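Breakdown of the fold
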Amino acid sequence: MADSYDDTYTESQVIMTAVKIIAPFTLTYGLFMTFHGGDAPGGGFQGGTIVGVTVLMLAFAFGIEPTRQWLRNSLLVGLVTGGVVIFGAIGLAMVALGGEFLEFYQLKETFHVKPKWGLEAVEILGIALIVSGTMVGLFFSMAAGFEPERPSGTGGTGRSDDREVSDDD
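Scope of this entry: the structure provided in the associated data block.

Here is what the cut-offs are and how they apply
Residues numbered from 1 in each chain as written. Predicted model: local features only at pLDDT ≥ 70, side-chain atom pairs only at ≥ 80, totals over all residues. Heavy atoms only, no water. Helix = DSSP H or I, 4+ residues; strand = E, 2+ residues; numbered from the N terminus. Buried < 20%, exposed > 50% of the residue type's maximum accessible area, 1.4 Å probe, protein only. Contact = heavy atoms within 4.5 Å. Salt bridge = Lys/Arg side-chain N within 4 Å of Asp/Glu carboxyl O. Patch = residues over 30% accessible without salt bridge, like charges linked within 9 Å, V, L, I, M, F, W, Y side chains within 5 Å. Areas by Shrake-Rupley, 256 points an atom, 1.4 Å probe, with all protein chains shown as cover. Phe/Tyr/Trp six-rings, centres within 6.5 Å; stacked < 30°, edge-to-face > 60°. Lys NZ or Arg CZ within 6 Å of the ring centre and 35° of its normal.

What follows is about unusual backbone geometry. Phi is positive for Leu102, which is not a glycine, with a value near 60°. Backbone geometry places His112, a non-glycine residue, at a positive phi of 60°.

What follows is the structure, encoded as structure tokens:
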């Protein structure tokens, strides 16, 4: 008896073409939001989210498994871990300079640079990496929970008969 199930990925030339056109713009806008967030609306969280959504668009257009193979789990873990380490290192550097955790005024007193640059480093190098890596990692984790062999209401049909079903039925 062959179990029949609905595949979660259907290739669509319209969606693939649209994502090929839109993805570079959303990625650029996400990076713009990340880098420009200290002076205007935006920041690491918003920019990291847009960058993560760009990866999700690619997964929806070209398949989750090919995208998961392209972005290995170790890369996603490295992004999140790197962001946390950078965030913590910048905060602890401020403590080492004699201030409080993430007290960027120590930069002005010690290096004669604007405290804004400490915040920019945290936003760009820390928060953006954490948010984009977490968002994509959670998406892949949720997508991995689907098993076509087990009817789950999200793709398995639960049919166990041998008859073929067509669009005409």
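Here we come to the side chain of Thr67. Mapped onto the secondary structure, Thr67 falls in helix α3 (residues 64–70). A residue is classified by how much of its surface remains accessible, and Thr67, at 5% relative accessible area, is buried. Leaving out residues up to four positions away in the same chain, Thr67 has contacts with Val55, Leu58, Ala59 and Phe140.

Further remarks concern the pattern of salt bridges. Tallying each qualifying case throughout the model produces 1 salt bridge. Across the salt bridge formed by Glu65 and Arg68, the nearest N and O atoms sit 3.1 Å from each other. Of this pair, Glu65 and Arg68 both sit in helix α3, 3 residues apart, which is roughly one turn of that helix. According to the relative accessible area criterion, Glu65 is partly exposed, its value standing at 43%. Its relative accessible area of 21% is what places Arg68 among the partly exposed residues.

A surface patch of nonpolar side chains, about 330 Å² in accessible area, is lined by Ile21, Ile22 and Phe25. Structurally, Ile21 is set in helix α1 (residues 13–36). Assessed through its relative accessible area of 51%, Ile21 is described here as exposed.

Let us look at the packing of aromatic side chains. Throughout the structure, instances matching the rule amount to 4 aromatic pairs. Between Tyr29 and Phe32, the ring centres sit 6.4 Å apart and the planes meet at 25°, which makes this aromatic pair stacked. Remark: Phe32 and Tyr29 occur in helix α1; sequence separation between them is 3 residues, near one turn of the helix. Residue Tyr29 is classed as partly exposed on the basis of its relative accessible area of 44%. Seen from their ring centres, Phe60 and Phe139 are 5.3 Å apart, and the 75° between their planes marks the pair as edge-to-face. Of this pair, Phe60 sits in helix α2 (residues 44–62) while Phe139 sits in helix α6 (residues 116–144), and the two are 79 residues apart along the sequence. Judged by relative accessible area, which is 12%, Phe139 ranks as buried. Through pairs of rings, three or more aromatic residues link up here, namely Phe60, Phe139 and Phe140. Against the face of Trp117 rests Lys116, its NZ or CZ located 4.7 Å from the ring centre.

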